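Fold and contact review
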Amino acid sequence: MHEYLTPIRERYGECNWCGKRTPHACLKCGYCYLCHPVIEAAERMPASAA
């Protein structure tokens, strides 16, 4: 996971994948803490397996 998941100052953002409004959104990619591992796993999957 990115090191950007815990900002010093909380700010609410909307997850780019599930649309949930949360203070726990990645500052780098915009995914929430719950969706982040799913997105990263999908990115690591080879294109031939998709």
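Residues numbered from 1 in each chain as written. Predicted model: local features only at pLDDT ≥ 70, side-chain atom pairs only at ≥ 80, totals over all residues. Heavy atoms only, no water.

**Side note on the overall build of the protein**
Heads up, the rule is: Labels follow the DSSP assignment, with helices taken as runs of H or I lasting at least four residues and strands as runs of E lasting at least two, numbered in each case from the N terminus. With a 1.4 Å probe rolled over the protein chains alone, any residue whose accessible area is under 20% of its type maximum counts as buried; one over 50% counts as exposed, and the rest are partly exposed. Two residues form a contact once any of their heavy atoms are found within 4.5 Å. Shrake-Rupley sampling with a 1.4 Å probe provides the accessible areas, and residues are treated as covered by the protein chains on show and by no other component.
Of the regular secondary structure elements, the protein holds one helix and two strands. Starting at the N terminus, the α and β elements of the protein follow one another as β-β-α. Here the protein holds 50 residues, and the buried ones make up 28% of them. A fraction of 24% describes how many contacts in the protein between residues 6 or more apart in sequence connect residues 24 or more apart. Of the roughly 4000 Å² of accessible surface on the protein, a fraction of 54% belongs to carbon and sulfur atoms.

**A short note on the side chain of Thr22**
Filter applied, for reference: The definition of a polar contact used here is a pair of N or O atoms within 3.5 Å, where within protein one atom must be able to donate a hydrogen and the other to accept one, and adjacent residues in sequence count solely through side-chain atom pairs.
Secondary-structure assignment places Thr22 in strand E2 (residues 21-22). A distance of 3.0 Å separates the side chain of Thr22 from the backbone nitrogen of His24, its partner in a polar contact.

**Quick look at the nonpolar core**
Put simply, the test is: Here, the term nonpolar core denotes a set of buried Ala, Val, Leu, Ile, Met, Phe, Trp, Tyr and Cys residues that are joined through side-chain atoms within 4.5 Å.
The biggest cluster of nonpolar side chains holds five residues, and these are Cys15, Tyr31, Cys32, Cys35 and Ile39. Those residues in contact with Cys32 that lie beyond four places of it in its chain are Cys15, Cys18, Thr22, His24 and Ala25.

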